[in-house]
Amino acid sequence: MRRRGGTRPESAGQDRLGPGPESAGQAEPGPGPESAGQAEPGPDTPVRGDGPADAVSCAGLVYAFGETTAVDGLDLAVRDGEVFGLLGPNGAGKTTALRCITTLLPVPAGRVSVFGHDATRERMAVRRLLGYVPQQLSADSGLTGRENVTLFARVFDVSRRERAARVAQALDAVGLGDVADRLAKTYSGGMVRRLELAQALVSAPRLLILDEPTIGLDPIARTSVWEHINAVRAATGMTVLVTTHYMDEADQYCDRVALMHRGRVRALGTPRELRDGLAARRGNSGEGEPPTLEDVFRDVAGSGLDDRSGDFSDVRSTRRTASRVG
Ligand SMILES: Nc1ncnc2c1ncn2[C@@H]1O[C@H](COP(=O)(O)OP(=O)(O)O)[C@@H](O)[C@H]1O
Ligand SMILES: [Mg+2]
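Asker: Would you mind going over the sheet that holds strand β10 (residues 264-269) with me for this structure?
Answerer: The strands that make up a sheet pair up through hydrogen bonds in the backbone, lying either parallel or antiparallel. Taken in spatial order, the six strands make up an open sheet running β6-β7-β8-β3-β9-β10, and their pairing is mixed. Two strands lie at the open edges of the sheet, namely β6 (130-133) and β10, each paired on one side alone. Adjacent strand axes in the sheet meet at a mean angle of 15 degrees, parallel and antiparallel pairs treated alike. Pairing analysis gives five bridges linking strand β9 (residues 256-261) to β10, with the strands arranged antiparallel. In the strand pairing of β10, Leu 259 is matched with Ala 267. On top of the sheet, helix α7 (residues 189-201) reaches β6 and β7 (207-211); it is set at about 160 degrees to β6, its chief contact.

Asker: Sorry, what's going on with the sheet that holds strand β2 (residues 68-78) here?
Answerer: In spatial order, the strands read β2-β1-β4-β5; together these four strands make up an open sheet with antiparallel pairing. In this open sheet, the two edge strands, each paired with only one partner strand, are β2 and β5 (117-118). Sheet topology places strand β4 (residues 109-114) next to β5; two bridges connect them, and they run antiparallel. Within β5, the position partnered with Ser 113 by the bridge is Asp 118.

Asker: Explanation requested: the nonpolar core in the structure shown.
Answerer: As a rule of thumb, soluble globular proteins bury nonpolar side chains together. Counting 84 residues, the largest nonpolar core has Cys 100, Ile 101, Val 114, Ala 198, Val 202 and Leu 207 as its most contacted members. Setting aside chain neighbours within four positions, we find Ala 198 in contact with Val 149, Ala 170, Leu 171, Ala 173, Val 174 and Leu 176.

Asker: Where do I start with the pairing of β6 in this structure?
Answerer: For a regular strand, side chains alternate in direction, first toward one face of the sheet and then toward the other. Of the two faces of β6, the one carrying Leu 130 and Tyr 132 and the one carrying Gly 131 and Val 133 are both buried. Across four bridges, β6 lies against β7 in parallel orientation. Residue Val 133 lies in a different strand from β7, and its bridge partner there is Leu 210.

Asker: Sorry, what's going on with the site of ligand 1 here?
Answerer: Neighbouring ligand 1 are the residues Phe 65, Thr 68, Ala 70, Gly 88, Asn 90, Gly 91, Ala 92, Gly 93, Lys 94, Thr 95 and Thr 96. Of all elements in the fold, only β2 and α3 (94-101) reach the threshold of two or more residues within the shell around ligand 1. Per-element accounting of the shell around ligand 1 gives the leading share, three residues, to α3. Of the residues in the shell around ligand 1, the class split is three nonpolar, seven polar and one charged.

Asker: Is there a simple way to think about the environment of Ser 113 in this case?
Answerer: Of note, Ser 113 is situated in strand β4. The spatial distance from the C-alpha of Ser 113 to the C-alpha of Arg 123 is 9.5 Å, given a sequence separation of 10 residues.

Asker: How should I be thinking about helix α10 (residues 271-281) in this particular structure?
Answerer: Residues of α10 that are buried include every one of Pro 271, Leu 274 and Leu 278, and no others. Projection of α10 onto a plane perpendicular to its axis shows the buried side chains occupying an angular sector of 70 degrees, all on one side. More than 90 degrees from the buried face of α10, the exposed residues found are Arg 272 and Ala 280. Where the residues of α10 are buried, they touch α9 (247-253), β9, β10 and α11 (293-301). In the segment just after α10, Gly 283 is the residue with positive phi, at about 90 degrees.

Asker: Could you clarify how one ought to interpret the environment of Asn 148 in this entry?
Answerer: With respect to the helices and strands, Asn 148 occurs in helix α5 (residues 145-155). A count of 28 C-beta atoms within 10 Å places Asn 148 in the buried class. As for Asn 148 and Val 167, which are separated by 19 residues in sequence, their C-alpha atoms are 9.4 Å apart. Apart from the residues lying within four places of it in its own chain, the contact partners of Asn 148 are Ala 139, Asp 140, Leu 143, Ala 184, Leu 195 and Gln 199.

Asker: Which parts of the structure should I look at to understand the pairing of β4?
Answerer: For strand β1 (residues 56-65) and β4, the ladder comprises five bridges, and the chain directions are antiparallel. Within β4, the residue paired with Val 62 across the bridge is Ala 109.

Asker: Would you explain α7 in this entry?
Answerer: The periodicity of an α-helix, 3.6 residues per turn, causes residues three or four positions apart to be oriented the same way. Taking 1.5 Å of rise per residue, the 13 residues of α7 would be expected to cover 18 Å, and the 19 Å separating its terminal C-alpha atoms lies within 8% of that figure. The buried fraction of α7 is high, at 13 of 13 residues.

So, how was this worked out
Residues numbered from 1 in each chain as written. Chains lettered and ligands numbered in written order. Predicted model: local features only at pLDDT ≥ 70, side-chain atom pairs only at ≥ 80, totals over all residues. Pairing = 2+ DSSP bridges. Helix = DSSP H or I, 4+ residues; strand = E, 2+ residues; numbered from the N terminus. Axes fitted to C-alpha atoms, helices over the stretch in contact; angles between N-to-C directions. Contact = placed C-beta atoms within 7 Å. Core = buried A, V, L, I, M, F, W, Y, C linked by C-beta atoms within 7 Å. Buried ≥ 20, exposed ≤ 12 C-beta atoms within 10 Å, placed from the backbone. Near = placed C-beta within 6 Å. Nonpolar A, V, L, I, M, F, W, Y, C, P; charged D, E, K, R; others polar. Arc of directions from axis to C-beta. Expected span 1.5 Å × (residues − 1).

Below is the structure:
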């Protein structure tokens with residue numbers, strides 16, 4: 001499991017996101033001919049006419065890898081300013097959905113928009129609005145913390161004049177100011193995750209997208225990652241879209257959650273609404289422990305949870321990254 005050294009996983013580069021032309025052609029073709037003639041809103045037309053657009057909107061999103069339909073008609077609306085948790089077991093389709101939202105994958109069917117900008121037609125506009133911390137390692141262990149964040153500042157066109165200050169600010173925001181000039185390979189797993197957070201924050205995104213930000217971390221490091229996310233969010237008002245399989249974490253830190261299973265949202269609400277809903281369905285017998293979010297998930301996913309999709313414990317092994325650098 002534990003690999004050392006500075007070599008990157010082959011897939012890490014695919015998840016680099018930047019508005020610059022060097023990354024434009026990486027993961028996907030442009031809008032296909034099938035979308036060219038459709039009567040869709042123009043580039044600057046918000047998706048909804050009534051008030052400000054949602055931070056993220058997915059309607060009928062479908063994405064298949066060959067025979068495997070990873071995302072199967074996903075409908076999702078993340079409101080401006082909220083912390084939204086996309087929860088689900090390994091293989092539910094969370095990462096694939098996020099990669100469509102970040103424009104790293106195309107949108108073969110359905111529509112995706114970010115603050116009213118269409119992910120297919122306005123890819124660069126979408127990229128400029130968001131910061132993305134992928135599930136795969138994105139920090140370079142052979143560079144210092146400051147160098148890693150500076151790299152992202154350059155990719156995201158942070159002006160040369162502002163760059164040093166913005167990099168220092170991002171590192172301070174995640175509590176790495178004092179160790180900024182140490183090589184990332186000397187960082188603990190939790191510090192690496194916070195470094196990746198700083199990389200995503202340096203462009204001052206309106207939407208921060210985090211894929212399993214706390215996977216593999218001990219409880220103290222997990223809390224620290226969340227506290228830094230919350231502090232930045234409180235200071236900037238940015239929207240946070242996060243995937244996690246830690247239901248307790250989602251319960252504590254997310255304003256609303258969607259429970260995803262087999263490519264689709266099966267339940268949506270505040271953690272409390274979902275827990276109370278299950279308690280009501282159980283008939284409020286007053287016996288036993290009140291339901292947890294994990295109980296809610298088991299209830300909506302039914303017996304299908306344990307066959308094809310695995311359960312929550314095996315998701316822990318999917319992030320092979322935090323320990324690799326530390
Ligand atoms: N690059 C890929 N090639 C083929 N199948 C993939 C690929 N990425 C993901 N899948 C499949 O798509 C489904 C959803 O995966 P993923 O989006 O990674 O789920 P999650 O992030 O919820 O664990 C799984 O069945 C997975 O095996
Ligand atoms: Mg994933």
